[in-house]
Structures are given as structure tokens and as C-alpha cells.
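Structure at a glance
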Amino acid sequence: MTTGLAFPNVARLAERLTSVVGRRFVLLRPSELLVYESDGLPGYHRRPRLAVFPGTREELVAVVGVLAEERAPFVPRGAGTGLSGGALGDDVVLLGLNRLTRIISLDAANRLAVVEPGVVNVKLTAAAAEHGLHYAPDPSSQTVCTIGGNVAENAGGPHCLKYGVTLNHIAAVTVLLPSGEIVTLGNAAGEDEGYDLLGAFVGSEGCFGVALDVTVRLAPNPEAVRTLLADFGDVLHAATAVSSIIASGIVPAALELMDGPTVQAVEASIYAAGYPVDAAAVLLIEVDGAAAGLDDDVSVIEQLCRQAGARHVRTAADAAERARLWQGRKKSFGAMGRLAPHLIVQDAVVPRTRLPEVLAEIGRIGARHGVRVLNVFHAGDGNLHPNIPYDASDADQARRVHAAMSEIMHACVAAGGTITGEHGVGLDKIDYMPLIFSDASLDAMCRLRDVFDPERRANPGKVVPVRSCREWHVTPAARHGGSPA
Amino acid sequence: MSATLPLDVPTLAPRTAVELQAQLAQCAAAGTSVRVAGRGTWLHAGRPVHAAARLSLTALSGIVEYVPGDLTITARAGTPLAELQAAAAAHRQFVPLDPWGGDAGSLGATLATATAGPWSSGYGLPRDLVLGVELVTGDGRLVRGGGRVVKNVAGFDLVRLSVGAWGTLGVITEATVRLRALPEVDETIAVSAWGMPLDALVVAIRRLQPAAAELLSPALAAALGLGDAETLLVRVSGNAALVAHQRGTVSALGDHAVVPADVWRRLREVEPAVASVVRWSHLPDRLAESWQAAQRAAHLCDGALVHASVARGVVRGILPTDDPAAVRGALDAPFGGTRIAERLPGELWPRSTASGARDAVHERLSRGVRLAFDPGRVLNPGILSGDVT
């Protein structure tokens, strides 16, 4: 719907793709395509014309070559866990990368690994474990999400507070451009010279091409880890504790806030982690690194929490207790899934000193619209995740939820924040882009995209509103899909 | 030494980004090329630029917003780093940017050149530290990328693209960068590295993860008053217990002494006014190859100074000469890693891409990016490799 290109003849395209990957890996029937109409965010349904799943690097190159020759718009997709409506599209070829799961090499001495885009995030860490290494970015979906998807979204996770987001862990990417050409961005063997095209590619949400392989940096496992749980009778006290920990100069590995409703949802689920159900908020705080001095940091953090009004602060006694505390946090979205048929997981960032007031404002917005907001988020980064369970089939509820989410976004921007910290813009945030970027800035982004994909065939209609692209001239006829199959 | 501008070219000195927009729009329309000169401190770096006008950012200076609790600071591009450091120090914080050359240079120049000093080993490269930029493109458009918060994936990344672009996409007019809190203890230890196998040194430093670690050639150690042997300079910081532990680990490497932190400033300012500078880099465990390549170059030039950012695997050779004959060897010797020139005698620049040359697709993308932001190529024409008509 948003590409200006007429979709090529589907039968011919399917035939050509089948000759590359085999009949099993080209899906055409609506019933088969159903699962690819949505991603991890409810509320968006887009119908691809077909889906293709190359199984090798060579097949992927050949598939993208066919798409280029046929001038077919396509949407790359990993595990489909994205939360921005990014990995879907009407009248496109859905390019599934989840069969490309090889870890091509692992160089422990240099802490580098070369992986295919479909490698699942935790499997990389598992492969690195025997060398005392791990892959640091740890989105909550890490047991299923792929490195290729992580690269496309510049994904985050709790431990990004200390270790940085995906981009900080990518040394190089071999990119297959939408034209079918191959180019290496970045440099694993030394410094990179010239424009940071790797930095531009990571987080480009599939609009600049697909990764053939990714060279990731691995991080050494810390010598020691301490995980604390602090519980508060008032969510604003917890937010104040976050600000004072950040201001102290200690950089925790993670600093997560869960509010009372989230804690209750987790504790009522199979992921119960032993959080205090009467808490208005808990902080899950982790420090790691050299064993020396770590307990001094723990003491300072405990003291800061108590000063901010914490009722209790405890440190996990062993690895098992630590894992349990983390499971509650990482599965909290799953636990919320029990509350209603649908869950909107929102993503925004505010300056860390503004957390108390923004949380209070979010509470007021939820109350005004009669929706239930559950907050679980990367507090140390100011990266909010206000979530609303609801029933999308109830039109009135859906309307109130969307109104509340829109007001929350405006409140975060008004506080000096941004509209997404780690989930990406996709379809969901595209209308918010003009809130934070001028027409000139959005136009500059369009121009950048056009360098990588002049035909605008890769994930069309995402990230930057089409109307912002000056040279964009689409006739209404072209917009509605072109020739039928 | 790279050619700089004749003194008689007109100088633009905008006081606001809006003024700069009008000036650059005019330059673009007239085809007037512009040398972005910042505060005029580092014009010897990069390829020679022949431009019809000079752009000074001295008047575009000052802190725009500093909220200590957020550990971020926003300032105009012409603000000297020293001014930012002083403002941050008042709140026991610091800007983890320590470019070669010292703190007299501007924030904008530090970011535009992405020059990475000793702290980049511990705190990250300039690209990792910038949260947002405002820039005026070559055709006078005011563009913003990123924001003022520490995590942000909204839109395509114009921040990373403009940092290290040497002003060729747009003139950075304002930037927001991350700050760090000053550590409770900050200690610098000089260890004799004489006879120490480099491989073992790399492993030890990458395990220790100090704030900075530079290996100094004997001549450089001597220039800094640290004796006349290869010396490892390590900066350890954190709480008292951590620093005590790190001090113990570093001390076990060899003869050592605690030295004043001022040595880092002196290291950054050691480069003479007339010099050629080349960097060799490779995989971390191949530091020895880069070190040897730099040593070979140094042997061809009296008074050469060499140092290595051990954790990053980057070796930097400072050759105190602008005699092409003395520098040619540094560029022509075979080397399997990446060689990047910072400063060269003008006529040697065409040789500097012998290593690390990119393929045609990469060059086409780079050229496309350049033209998307500066269609008339008026900003710093020729300063980057491959930036030719």
C-alpha cells in the first residue's frame, strides 16, 4: 500500500523463487501467510503476497537477486518478535531469514563471532559460554529473537545500561543491498575509515537491505555479579532511587523498575519470582565486573534505595535466586498476557531526572481514559515501557487505549524524551516521528534511505512518513498495489 | 604539512545555526567551497582542502543545557572542550572525550573528526558517546539526529553518520554527549614493558578493562619523562577497593610507579606542530604486527614517537617531519591490517589508501551519502579519501 511500485506477476515471481529455494519454502496460500500478517505488537495486520525462506547464504543472494530483477517490494523478517509493526507489509514479498542459523566462526581470542542473520540471540551466548564470553544485548525476547532482527532494530535489553545497545556490539556486517549487490560495512580487523555506514545500517529497520552475515563483539563474562531487589511503597520513591543511583556514578549492569500491577501480574503467573505483591514498585538492580569493590557498590546502592524510601533491599543469595528474579522480569510481558486478550507494549525514553514526574503523568493519563497501565522498564536508561492489556475486539476499549498511548507519547516528548528507545518506529510510531523531527530532518532520513535503496523496495512505508520525502511522487493507482496475479 | 587556506579567503563566522543556514545556502548556490575550521586548532589533520572560504565556529559557542542528574550535556559546536570539562567538573563529572591535541579544540571538531584519545579504550569512541546532533547540511538545511536521551532508535541514524564525517555532510552546530561521574579514585601507573611479550600484554589489559592503557615507545616514554624503555601507561579508576585490586594486577606486570594524571594531557599534546601521523590497526591479538609496522616506519625518521591503545589494537606513529622521503616508507611497507593517515605531507596523500581501500559498492554508497547531504560538495572538498569529482 505504501510502495509506489507495481507488484510483479505473482505466479511468475513464485515460480522463480521456487526454483531457488524449493516449493516448501515459498508460501502463497492465505492460510499459510496468516501468521506473517502480524508481529509481536497487536493491532496491525498486513497481507504479504507471498513469503520466501532461503536456507543458505547462496539462496538468500539469489532470492534478493530475483526480487531486484522483478522489482518486487519486500519486507525482511527474523523471528517476527518485533514490537513496532515493522516486519510486515501489504502486497510485499515477506523475506524470512530464520533458516539462516549458522554460527560461521567464533574467535575467542579477539572476542568476535561471525553469524548468519537467523541465529537466535541466546544461542550465540550459549555458543560463546565455553570461552567465558557472552553476547551482551539481551532483549526480553532473546530466547527466540534473531541477531538479524536485533541488528535491524538496534535492539536493547536490560543489560544495555552498562554494556550498550546492539550497535555497540557489531563490528561489521556483510550487507546484501536491495539491488542484489554485496558490500561490507564496518571493519572487524582494525579501525573503520570514512562515513559510519555500519552505524547507519544498524537500526535501519530493514529499509537498507538485509544482513548476509554479522560480525558481533562478544563480552567477557563478569568475574562477579550481585543482583538486588529493592521494594518500595510508592512508585515515585523507586524512580527517585533510580535517579540517585545514576547520579552516584555507579554504572549498574541493569536497573529495572516494575510497578505494583506488574509485580502482581508476574506473581500470579507461572513466572512468579518471589516479588513482594504489596509493593508499589520494585527495582531489580544488578552490578557486575571485578569481584574487588563490587560489594562496596552494593552497599552504596542499598543505602541510596533506603534513603529514597525503600522498605526492604535484599541481595540474591545465589545464582538460582538471581535467575528467578530475572525470569520474573523477562517474562513479565508474558505474565501480562494473562490479563486480557491483547497487550500493547509501549516504548519511549525520557531524561532520567524526569522519571518521577513522567510516571505520575502516565498514571493520570491511564486513569483519565479508564485503562490499566502496567510499567516495567529499563529505568537506568529512562527507557519506559508502559503496557496496556485490553481487548482489541472491543472498539471502545481499543479507542481509549490508543488515545492513552498517544497522550503518553506526547508526555514523554514534552519531557525532553523520544518516541522509541529500542523497539523501533516501524508502522506503529511513524505518525509520532514529526513530533521529534522537523520536515528537513525527516527528508534527510529519506535521502539516506535512497542511497541504500533508491527504488524504495526494502520494507516500504516504514520509519519515515512517506509525505516527508520530497521526491516521493506516488499516483493513487500505484499506491493500491498494481497488477493482480 | 597539509595545505591550509591562504589567509586572504573570506571567513564566515555565524553566531547562530540559522545564520549558518543562510550562509551555506548562498555558498551552495554560488558553488563557493568552504573549509570548516571550527576554532582553527586541527587544520593540519586530514587531506588538504582547497576552499574559497573559511568557516569559523568560534562565535557558535556555549552550553545549551546541562542537567547533571541526567549525565548529559548539550553544547554548541564551537564550545572548547576545556569549557565543557570545567562545567562538568563542578558537578564531579567529566566528558569522556580526550582528543589528540588537547582540550583547546571544539566539541564540533572532536566529533567531526571522531578523534579518539586514550579514554576511548575505556569509555568508547566518540560515536558511542554522542546522543544527538544538530547540523546544517551543505545546501543549508537544518537537520537534527538523535536527541538528548541516552537511548534512542527513532529514525535513521544521522548521529553516527555525521560523527567522523569531517564536516562533509553538514556542519555540526550543536551536540549532546554522555558524561561520566568522576571516579572515587583515579590512578595512573607507569609500568616498564621492556621485554614483555605483546600478546600477553593484550590479554592482561583486555581482562583488566582499565579506563585507559597506552603502550609507549622508548622515545615517547622519554619525551614524557618516564625513563627510556618501552612503558605501559595504565589508568585505573573506580571505588577504592577496585582500584587497589587493579593496582595490584598492573604492578605485577613489572617495575612500576604511580605517576600524576597530568601525563595523559602531556601525551595528547606531545605531537609537534610539524609532523606526519599514521595509525595502524588490526585484530586485538595481532597488536604485535601493527606495533612492528609502526616501529619500522619510526626507524626511518629521527625522533619518531609511537604509542598503542592496547585494548583497541590501534598503534599511532608520530613522525616529526613533513619530508615526504622520510614518511613514504610508513605508507609503502606491506601491512595486513588497516592503515589510516591522520597527517601527511600533501603530495603523499594519494598513497595513503594503499591499505584499507574499499570496493566500488562501498565507494558508491559513500559518494551517495555525501551528495545526499551536500549536493554541491561545498563542504571541505577532498578532505576524505575518495571525495573527488
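Residues numbered from 1 in each chain as written. Chains lettered and ligands numbered in written order. Predicted model: local features only at pLDDT ≥ 70, side-chain atom pairs only at ≥ 80, totals over all residues.

**A few points about the overall build of chain A**
Secondary structure assignment for chain A yields 17 helices and 20 strands. Computed over its C-alpha atoms, the radius of gyration of chain A comes to 23 Å, within 12% of the 23 Å expected for a compact globule of 485 residues. Counting over 485 residues, chain A shows a buried share of 59%. In chain A, the proportion of contacts linking residues at least 24 apart, taken out of those at least 6 apart, comes to 73%. (Helix = DSSP H or I, 4+ residues; strand = E, 2+ residues; numbered from the N terminus. Rg over C-alpha atoms; globule rule 2.2 N^0.38 Å. Buried ≥ 20, exposed ≤ 12 C-beta atoms within 10 Å, placed from the backbone. Contact = placed C-beta atoms within 7 Å.)

**A look at the overall build of chain B**
When helices and strands are counted, chain B shows 13 helices and 18 strands. Its C-alpha atoms give chain B a radius of gyration of 21 Å, within 12% of the compact-globule value 21 Å for 389 residues. At a minimum sequence separation of 6, the contacts of chain B that also span at least 24 residues come to 68%.

**Here we look at the interface of chain B and chain A**
Residue-level contacts link 59 residues of chain B with 65 residues of chain A. Contributions of two or more residues to the side of chain B that touches chain A are made by helix H5 (126-129), strand E8 (142-146), helix H6 (158-162), helix H9 (240-251), strand E15 (276-281), strand E18 (338-343) and helix H13 (360-373) of chain B.

**Describing the environment of Ala-181 of chain B**
Topologically, Ala-181 of chain B is positioned in strand E10 (residues 180-181). Classification of Ala-181 of chain B as partly exposed rests on a count of 18 C-beta atoms within 10 Å. It is 17 Å that separates the C-alpha atoms of Ala-181 of chain B and Gln-209 of chain B, two residues lying 28 residues apart in sequence. The residues contacting Ala-181 of chain B, other than those within four sequence positions of it, are Ser-248 and Gly-249 of chain A together with Arg-92 and Gln-93 of chain B.

**Some details on the sheet that holds strand E14 (residues 281-289) of chain A**
Hydrogen bonding along the main chain pairs the strands of a sheet, whether they run parallel or antiparallel. Residues and elements named next belong to chain A. Reading across the sheet, the seven strands line up as E15-E12-E14-E13-E18-E20-E16 and stay open at both edges, with antiparallel pairing between neighbours. One side of each edge strand has no neighbouring strand; the edge strands of this open sheet are strand E15 (310-315) and strand E16 (342-345). Ignoring strand direction, the axes of neighbouring strands in this sheet form an average angle of 20°. The sheet contact formed by strand E13 (residues 254-259) and E14 spans six bridges and is antiparallel. Considered in E14, the bridge of Leu-257 is made with Leu-283. (Pairing = 2+ DSSP bridges. Axes fitted to C-alpha atoms, helices over the stretch in contact; angles between N-to-C directions.)

**A look at helix H2 (residues 81-89) of chain B**
Residues and elements named next belong to chain B. Of all the residues in H2, the buried ones are Leu-81, Leu-84 and Ala-88. One face of H2 carries all of its buried residues, which in axial projection span an arc of 60°. H2 presents Ala-82, Ala-86 and Ala-89 as exposed residues on the side facing more than 90 degrees away from its buried surface. (Arc of directions from axis to C-beta.)

**Remarks on the environment of Arg-339 of chain B**
Residue and element names in this part refer to chain B. Assignment of secondary structure puts Arg-339 in strand E18. According to the C-beta neighbour criterion, Arg-339 is buried, with 28 such atoms within 10 Å. Sequence-wise, Arg-339 and Arg-316 are 23 residues apart; in three dimensions their C-alpha atoms are separated by 9.8 Å.

**Regarding unusual backbone geometry**
The phi dihedral of Asn-154 of chain A falls on the positive side, at around 50°, and the residue is not glycine. Note on placement: Asn-154 of chain A falls in the loop between helix H5 (147-153) and helix H6 (160-163).

**A word on the sheet that holds strand E3 (residues 53-56) of chain B**
Residues and elements named next belong to chain B. With parallel pairing, the three strands of this open sheet are ordered in space as E1-E3-E2. Each edge of the open sheet carries a strand with a single partner, namely strand E1 (11-12) and strand E2 (34-38). Across four bridges, the pairing between E2 and E3 is parallel. Each bridged residue has a counterpart across the sheet, and for Gly-38 the counterpart in E3 is Ser-56.

**Let's talk about the nonpolar core**
Of all hydrophobic cores here, the largest spans 219 residues; its most connected members are Val-216, Ala-230, Ala-241, Val-242, Val-282 and Leu-283 of chain A. Ala-211, Ala-213, Leu-267 and Ala-297 of chain B belong to the second-largest nonpolar core, a separate cluster that totals 56 residues. (Core = buried A, V, L, I, M, F, W, Y, C linked by C-beta atoms within 7 Å.)

**Regarding the packing of helix H13 (residues 355-369) of chain A against helix H14 (residues 395-414) of chain A**
All names here are of chain A. Contact geometry for H13 and H14: axes closest at 9 Å, N-to-C directions at 160°. With respect to H14, the element H13 is oriented roughly antiparallel. Between H13 and H14 lies a crossing of right-handed hand. Where H13 approaches H14, its residues Val-358, Glu-361, Ile-362, Ile-365, Gly-366 and His-369 are matched on the opposing element by Arg-400, Ala-403, Ala-404, Glu-407, Ile-408, Ala-411 and Cys-412. Its residues assigned to classes, the contact of H13 with H14 comprises eight nonpolar, two polar and three charged. (Parallel < 35°, antiparallel > 145°, perpendicular 65-115°, else oblique. Left-handed = near helix turned anticlockwise from the far one by under 90°. Nonpolar A, V, L, I, M, F, W, Y, C, P; charged D, E, K, R; others polar.)

**Some words on the confidence of the model for chain A**
Taken as a whole, chain A shows an average pLDDT of 93; of its residues, 96% reach a score of 70 or greater. Segment residues 472-485 of chain A: pLDDT under 50, and 18 contacts once partners within four positions in sequence are set aside and those in other chains are kept. (pLDDT = per-residue confidence, 0-100.)

**Concerning the pairing of strand E17 (residues 314-319) of chain B**
Residues and elements named next belong to chain B. With respect to burial, E17 is a largely interior element, six of its six residues being buried. Covered by surrounding structure in E17 are Val-314, Arg-316 and Ile-318 together with Val-315, Gly-317 and Leu-319, the residues of both alternating faces. Between strand E16 (residues 305-309) and E17, which pair antiparallel one after the other, the connecting turn spans four residues, and Gly-313 there sits at a positive phi close to 70°.

**Some points on the environment of Thr-315 of chain A**
Residues and elements named next belong to chain A. Residue position: Thr-315 is located in strand E15. Residue Thr-315 is classed as partly exposed on the basis of its 16 C-beta neighbours within 10 Å. Here the alpha-carbon distance between Thr-315 and Ser-269, two residues 46 residues apart in the chain, equals 23 Å. When neighbours within four sequence positions are excluded, Thr-315 is seen to be in contact with Arg-226, Thr-227, Leu-228 and Val-298.

**Considerations on the pairing of strand E5 (residues 103-107) of chain A**
All names here are of chain A. One ladder, built from four bridges, connects E5 with strand E6 (residues 112-115); its direction is antiparallel. In the sheet register, Ser-105 faces E6, and the bridge partner there is Val-114. Linking E5 back to E6 in an antiparallel pair, the connection comprises four residues, with Arg-111 at a positive phi of about 55°.

**Points about helix H3 (residues 57-69) of chain A**
Residue and element names in this part refer to chain A. Across its 13 residues, H3 extends 18 Å between first and last C-alpha, which sits within 8% of the 18 Å expected from 1.5 Å per residue. All of the buried residues along H3 are Leu-60, Val-63, Val-64 and Leu-67. Down the axis of H3, the sector holding all buried residues measures 95°, keeping them to one side. Structural note: H3 exposes Glu-58 and Glu-69 on the side pointing more than 90 degrees away from its buried face. Packing partners of the buried residues in H3 comprise helix H1 (10-21), strand E2 (50-52), strand E3 (74-77), strand E4 (93-96), strand E8 (170-176) and strand E10 (210-217). Of the residues one or two after H3, Arg-71 is the one with positive phi, at around 50°. (Expected span 1.5 Å × (residues − 1).)

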